[in-house]
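# Residue-level structural notes
Listed below, chain by chain, are the residues.
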Amino acid sequence: MSYRLTPLRIGAILAALIAVVPLVAVLVTAAGQPGDTLTAETFWRYTRTSVALVLLVGGGTACLGGIAAWLVALHDFPGRRLFSWALVLPMAAPAFVVAYGYASLFDVAGPIRTAWRTAFGWDPPLEMRSLWGAALVMTLAFYPYVYLTLRAALISQSSSLAEAARTLGLNQRQTFMRVILPLARPALAAGMALAAMETLADYGATSYLTVQTLTTGVVRAWSVFYSAAEAARLALPLLATAAVLLWIERAGRPATSETGQARWRELPRIRLKGGWGWAATLYCLILIGLGLILPLGWLASLGWRADNELPRLIEAGRNVLIVGAVAAAFTGGLATLVALGTRQGRFLPRLLSLGYATPGAVMAIGLLAPAGIIWRAFPSTVSSFLMAITLLILAYASRLMAAALEPIDAGLQRVGRSVSAAARTLGETEAGVARRVELPIASGALFTAVLLVFIDVLKELPATMILRPFGFDTLAVMADYYAKDERLGEAAWPSILIVLIAIPAVIWLTRRVSHSRPGDRT
Amino acid sequence: QPQATETASSQADCVPSTGGALNLYTARHYASDEAIYAAFTCATGIAVHKIEFRAPELLARLQAEGASSPADVVVIQDAGAMGEAANEGFLVPFEDATIDARVPEQWRDPQGRWFGIARRARIVAYDTQRVRPEEVDDYADLASPRFRGKVCVQTSDAVYNLTLMSALIDRWGSQRALEWARGIVANMARQPQGSDSDQIRAVAAGQCEVAITNHYYFLRMAESDDAADRAVTEHVALAFPQINGQGSHFNLSGAGLAAHAPNRENAIRFLEFLTGPQAQGIFATETNEFPTTTEATMPEDVAAYSHHAADPLPLPAYAEHRAEAQRIFEQAGWR
Amino acid sequence: MTATIEVSGATRAYGDKRAVDYVDLTLEAGRITCLLGPSGCGKSTLLRLIAGLEPLDEGRVLANGQDITHLPPEQRDMGLVFQDYALFPHLRVDDNVGFGLGSLPTVERRARVADLLGRIRLGERGRAFPGELSGGEQQRVALVRALARRPHTVLLDEPFSGLDSHLKSEVREATLAILRETDAAVLVVTHDAEEAMQMADDLALMIDGRILQRGTPQACYLDPVSLEAARLLGEAQVISAEVSAGVAQTVFGSVPAPGHPDGGAQVMLRPNALVPGPGVEADVSEARFVGQAWRATLTVGEVSTQARLAHQPGSRLSVSLDPAAARVLA
Amino acid sequence: MTATIEVSGATRAYGDKRAVDYVDLTLEAGRITCLLGPSGCGKSTLLRLIAGLEPLDEGRVLANGQDITHLPPEQRDMGLVFQDYALFPHLRVDDNVGFGLGSLPTVERRARVADLLGRIRLGERGRAFPGELSGGEQQRVALVRALARRPHTVLLDEPFSGLDSHLKSEVREATLAILRETDAAVLVVTHDAEEAMQMADDLALMIDGRILQRGTPQACYLDPVSLEAARLLGEAQVISAEVSAGVAQTVFGSVPAPGHPDGGAQVMLRPNALVPGPGVEADVSEARFVGQAWRATLTVGEVSTQARLAHQPGSRLSVSLDPAAARVLA
Ligand SMILES: Nc1ncnc2c1ncn2[C@@H]1O[C@H](COP(=O)(O)OP(=O)(O)OP(=O)(O)O)[C@@H](O)[C@H]1O
Ligand SMILES: Nc1ncnc2c1ncn2[C@@H]1O[C@H](COP(=O)(O)OP(=O)(O)OP(=O)(O)O)[C@@H](O)[C@H]1O
Ligand SMILES: [Mg+2]
Ligand SMILES: [Mg+2]
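Residues numbered from 1 in each chain as written. Chains lettered and ligands numbered in written order. Predicted model: local features only at pLDDT ≥ 70, side-chain atom pairs only at ≥ 80, totals over all residues. Heavy atoms only, no water.

## Examining the overall build of chain C
Convention followed: The secondary structure listing takes helices from DSSP runs of H or I that are at least 4 residues long and strands from runs of E that are at least 2 residues long, numbered from the N terminus. For every residue, the accessible area obtained with a 1.4 Å probe (protein chains only) is divided by the maximum for its type, and the residue is called buried under 20%, exposed over 50%, and partly exposed between those limits. Between two residues, a contact is recorded if the distance between any of their heavy atoms is within 4.5 Å. The positive count covers Lys and Arg only, the negative count covers Asp and Glu only, and His and the chain ends enter neither. To locate a charge, take NZ of a lysine, CZ of an arginine, CG of an aspartate or CD of a glutamate.
Scanning chain C from terminus to terminus reveals 8 helices and 19 strands. Based on the C-alpha atoms only, the size of chain C along its principal axes is roughly 75 × 45 × 35 Å. Counting every position in chain C, which comprises 330 residues, the buried fraction comes to 55%. Pairs at least 24 residues apart make up 66% of the contacts formed inside chain C by residues separated by at least 6 positions. Each charge class in chain C can be summarised by its mean position, and for the 32 positive and 42 negative side chains these summaries are 5 Å apart.

## Overview of helix α1 (residues 43-51) of chain C
Counting buried positions over the 9 residues of α1(C) gives 8, a clear majority of the element. Two residues or fewer after α1(C) comes G52(C), characterised by a positive phi angle close to 85°.

## Examining the state of the cysteines
All names here are of chain B. Threshold: Whenever a pair of cysteine sulfur atoms sits within 2.5 Å, that pair is classed as a disulfide.
Considering all chains together, one arrives at 2 disulfides over all chains under this definition. Between C14 and C42 runs a disulfide, and the two sulfur atoms are separated by 2.0 Å. Note on the C14 and C42 pair: the S-S dihedral is about -100°, so by sign convention the disulfide is left-handed. Here C14, found in the segment before β1 (21-26), pairs with C42, found in helix α1 (residues 31-44); they are 28 residues apart in sequence, far enough to count as distant. Of the two residues, C14 and C42, both sit in the buried class. Two residues, C152 and C208, share a disulfide whose sulfurs are 2.1 Å apart. Looking down the S-S bond of the C152 and C208 bridge, the torsion is -105°, so its handedness is left-handed. Note that C152 is positioned in strand β6 (residues 151-152) and C208 in the loop between α7 (196-204) and β7 (210-214), a separation of 56 residues in sequence.

## Some thoughts on the domain arrangement of chain C
All names here are of chain C. What counts here: Residue ranges for the domains originate in an automatic or database domain assignment. Once two parts are put together, the accessible area they lose, assessed with a 1.4 Å probe and summed over both, is termed the buried area. Salt bridges are counted wherever a side-chain nitrogen of Lys or Arg sits within 4 Å of a carboxyl oxygen of Asp or Glu. For this analysis, a polar contact is any N or O atom pair within 3.5 Å, provided that within protein one partner can donate a hydrogen and the other can accept it, and provided that sequence-adjacent residues contribute only side-chain to side-chain pairs.
The domain architecture assigned to chain C consists of domain 1 (5-232) and domain 2 (237-329). Here domain 1 and domain 2 have C-alpha centroids that lie 38 Å from each other. Each side of the interface is counted separately: domain 1 has 8 residues, and domain 2 has 7 residues. Together, the buried faces of domain 1 and domain 2 total about 690 Å²; carbon and sulfur atoms form 57% of this surface. Three residues, Y221, L222 and L227, lead the burial of domain 1 against domain 2; their summed loss comes to 58% of the area buried on that side. One can count 1 salt bridge joining domain 1 with domain 2. We note a salt bridge from D223 to R327, for which the minimum N-O separation is 2.7 Å. Where domain 1 touches domain 2, the interface holds 4 residue pairs in polar contact (both at pLDDT 80 or more). Those elements that provide at least two residues to the side of domain 1 that touches domain 2 are α7 (217-222) and α8 (227-233). Examining the composition of the side of domain 1 that touches domain 2, we find that 3 residues originate from one element, α8, more than from any other.

## Some details on the environment of V186(C)
Counting through the fold element by element, V186(C) comes out in strand β8 (residues 185-190). Between the C-alpha atom of V186(C) and that of V303(C), which follows or precedes it by 117 residues, the distance is 44 Å.

## Observations concerning the sheet that holds strand β15 (residues 274-289) of chain C
Pairing between the strands of a sheet is mediated by backbone hydrogen bonds and can be parallel or antiparallel. Residues and elements named next belong to chain C. What counts here: Two strands qualify as a pair provided DSSP detects at least 2 bridges between them. Every axis corresponds to a line fitted to the C-alpha atoms, with the helix fit spanning only the stretch in contact, and the corresponding angles, defined between N-to-C directions, vary from 0 to 180 degrees.
Strands sit in the order β17-β16-β15-β18 across an open sheet of 4 strands; the sheet is antiparallel. Strands at the two margins of the open sheet, each flanked by one partner only, are β17 (303-307) and β18 (316-321). Direction aside, the axes of adjacent strands within the sheet are offset by 45° on average. Pairing analysis gives 5 bridges linking strand β16 (residues 294-300) to β17, with the strands arranged antiparallel. Counted as the bridge partner of V300 is V303 from β17.

## Quick word on the pattern of salt bridges
Inspection of every chain in the model, using the stated rule, returns 74 salt bridges over all chains. A salt bridge links E135(B) to R132(B); its shortest N-O distance comes to 3.7 Å. The class of E135(B) is buried, set by a relative accessible area of 18%. Between E54(C) and R48(C) there is a salt bridge whose closest N-O contact spans 2.9 Å. Note on E54(C): relative accessible area 9%, which makes it buried. Overall, the relative accessible area of 8% leaves R48(C) in the buried class. Three or more residues are tied together by salt bridges with common partners; here these are R312(A), R468(A), D473(A), E34(B), K50(B) and E52(B).

## Details of the arrangement of the chains
Most contacts, among the 4 pairs of chains that meet, fall between chains A and B. Kept free of each other, chain B and chain C leave a smallest C-alpha distance of 46 Å between them.

This is how it looks when you write it as structure tokens:
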């Protein structure tokens, strides 16, 4: 096809600009005047903590999520079908919500340690506001990433390699260790990279659990020293790490099937008998219990006793539903343009994905700068509700573009090159082919993208906080305020609402993952 | 036209909402404030449009908006951040006799750019069974060997700790402030963590004997519907330590007129309203804060503490020493 | 060790569908058996049953008379080559070949791998990853990997179907040569008739889960038990005939039909069944060069058939029927 | 409308690799040209260049003398059939076929789709989705979809390679019949020699991005320009020879070599080049039945070659060389 700037490509470039502008703004800000900032010693302490936390969460998610994926994909036990999607549910709970639950449940004056002291006369060392506690909380919140990617890799692994190993004299266990696991390793790494990125970018959970990471440093530089430039500079190592992690994640994506004509066949599932089967069931139950039911249940019990500003909650819920839906559709549309326009080059999508892995505080800096230019240029629009919502939606789009781009890109890849070419030779233009053939075929992926963005908007905090118009709350903002005001009971309400809204979306997403593999039979 | 969560009540005796509107940027987010906005709208017919930020974000947004900012009034519950807003030029001085009359000079910016609307004491919660109140009548006591392993505190970047440290730097000089911080670090029962309520609970749970906290969290727990919260306060009491014998450290919620306020008249009416007896009363009742005006009525539990003297720190000092305060904390190893 | 593998009454159903339906099959040491059948007829399933990768619903598998029906695959001492080669992508070529040799001392293992790679002329590529090899090279590596443990039986599932037609015959020759050197019992699954006939000592024709016919390639080709079997092995035309007194009469000539009842019958013609010569006058309606030969469509009256003859379309010629390339079907 | 498509000097490189390297090709209305070559030689790329799906680095494409090199594919009026059929999975069969007929009035469009589906005997299946059809049915739908707009040129990229060998010849016949009814210029890309020879009016042999030879199938088969070209079209053996005075002398006999310089040369033998008869005594070292014929390995002195002969291994026979099936290579 010709190299000319087709309308599709111009659209892609514009869409990409929206996502790139905040990143550029961060870089420009980082080049600004140096101000007061952290001492080098503090910086290194934060770095050490960040590294330790990432390692712990990476390892923890690999273990918990890995075992879950291994059980569900390769074994049969009571409840397996239910768990195959239920294990993803904790993804609906924002990490900061899980942190609220655990911090308060395991507080020195909380129910567990109090009961323990009463019973045994000494205080158990179960401190959630610590590196270990944060690692536990984030592991529970992020293990679904590993679970999802590894499970997808395992169920799409054709059995022929494992069978080859069997006929070469390896038993089941040896086959898993020497063939199945090594083959799934890239997927495991990809899942861990996602969890690590989330860990690095997180501020809500870490700050609530008093773990001081590089992101803490970014926030401190900004909120204590009022230096956006220093904050942006401190964010650079985070961005660099995110870039590396993204690269790992991309590299870990399974290549298109190399098996060709051979009939695809799933790995055989081992039936776990008796006690082993129930042990597996128990493991999955515990994981879901710890990741979702325990923290949410505890918050609910707090919320039950607390007051709630029901009208405000309802309005915040309505706001986030509407804005989330619009932002999701809009972001999906932009990502579609980008995906359609950049199918030759892989560089742009990678760059755009960086926004996703950028800590919220940094992104807020990056968003304010371009917003400021608009505000100063069109003063009359600053207090306009529509303008503010438009900016907010643009901000969501740039922050969450990667989340949408990922599935859409994958969906469009699946529309064979020849199908698009066939449509061209049948008289359709490039844009016509996109409209009549490619998008309808990739519609499932489009919907997935829209849902992913929607879930992320539900949890989004920094961009909402800083760009929203007058009188506009979202559930995440309300939860954050209540928590900051030390009213966890009240914070429970919006938190639980977020989860309740996200759960159906998460269920749908999970089901889709299991239906997109070759020769699906579940 | 901006939409808003107008909390205007439909009471019959309210002025009809024809008084235009007012744009408020606030870092406060309490039920008390909602009640005040409602009362203001009812009394004046002016609608209150608000955005709630966290302080640094509020400043950043003002910065980004520059002269285009729609903000009329800025309210922040930290004197340090309020001073910063004033220093950055986000606020303009204005003359208002009513406010000057109601708010003592001590709680007003010397350049007239902002003033205090409510006060919160940063003081000490102690275990009544193990600590006598005289043992904590000076902030310096907290750093003494008496409390080795017995002190609970928040992290250093908690704004109230930063302003407390700013006050100590101003009063004691950097060197002594640093030594004090080192003493606290040596006395810590655990790494700094959790919120003020968590500090109070830790005292009740016996993890520490004394904790630095704002006063109203204690009052909130004491009057809570939750029996567990009330139980926490049974063996815990508040002590009001002194700085140089001159009084305890109070932080201020401040309010000021935004530099480019489009609704200046309404803004000034609102600022006046905040210092009026009704608003001041609501702060005291709903949030258990101390009023900055003299004529406000307070509920009993707040009134019981209102006699404690405040350290007469000049307002600009709150913002002035902020960066140094963070440095000292870092030097002392207070995370 | 050499072995005779006997499969008897092997049955395997998926849901209602009997993928393998009461099959008997014997593999002899040192002989190559080809299992030929259309896609989906159950060839792979049968092979998997023998390898122990799939459980039997009914029937038994014996190795040298010993029942191995319930032995797991790793204890059966059989080598398997998959259609997609199934090389371990994360291991280098030499580690792939040596994968099943964990029990050997390192020195010996290295030596055996080197020897095997040498035999397939890949001695230099031991440190490459499978992805860096061409399709033909991968196939050869998969073959020697299966042979490395010196299995008594080697099973190959469409081992050449992944290859370019260009490469196919070359790789096939090389594979045959290596297989002939071992004394293993060999089963090759394929749906390519020419391939089956070129490789097989014994041929088994499979359709719909059943084995239709067994025998040498030549016997199967010329004496198919049914039209289906005939078509599996190559072009076959059918014309109708009248049998009387053990002779079937067609428009082109007669074919011996000993033992057939009198009445209507079908005669299967191989493409070389019609030869120029005194006989019937036929019209040539189309002629095409199909490599090595021409194919002409001949018509006599209402009956049309094709033959390997070079003649101008529109012309007429006299043909006779060679009974050796024609068979009356039951 | 009919058209003559002329490609001249077409070149397309990916990085360093010239996938299509200065190719000239002409497609004539009403004639089927087959492009035959091994995998990766650039066949698909050439086809995509003609269709406008890929930009040319150099060279031109003319349709009836008009330069269409820079026309986007949708304006070229060419129909394309892909190896994987590329049916739109989200559209029903009739919507697939009618996809490119948006400009026709609904009634006319319906009629044309119905007519096309009728011609491929799928009139009843119009409301099915492509996924519900068998491979052969899908192939036919892809074909009529490409024909629906009555393009002046039809390009088919390995149109039968996705089919079972069983189905292949049947679908091929049907496709040929439909293509012959149109008056389009047809290009069929394939790597199957037999297929190419059965379909082609004109054959083009491609290797490594270049066209080696053009001509009728028979001419290409018997008079290949090189061993490579010979091998593309079928089995070929090479033996060495000595040329003197325009005759090449081999151990099996002599072959005319007009115009060849004296000295050593290579002679290419087709499998039917050696026929029993008075000539040289040869040893039969191996014999195999390969369907329709036997293949024997014959040895004379040091020289070994294969021939289509039925003889017992170990026996001896006398063979002569048929010069019509042998060529001296340049
Ligand atoms: N795991 C399975 N579950 C259900 N049906 C199966 C399974 N494996 C095979 N089948 C069915 O059993 C039949 C035989 O399959 P098999 O793979 O043995 O055929 P095949 O002869 O090897 O075909 P091909 O030449 O296409 O490889 C097919 O109809 C197939 O769909
Ligand atoms: N988009 C591309 N980028 C880089 N190289 C390409 C691209 N398309 C084709 N090639 C290369 O160009 C060469 C010719 O490819 P092409 O697809 O035309 O071959 P082909 O003859 O159709 O092969 P096959 O029979 O396997 O379809 C191959 O080496 C291929 O790897
Ligand atoms: Mg098979
Ligand atoms: Mg191709």
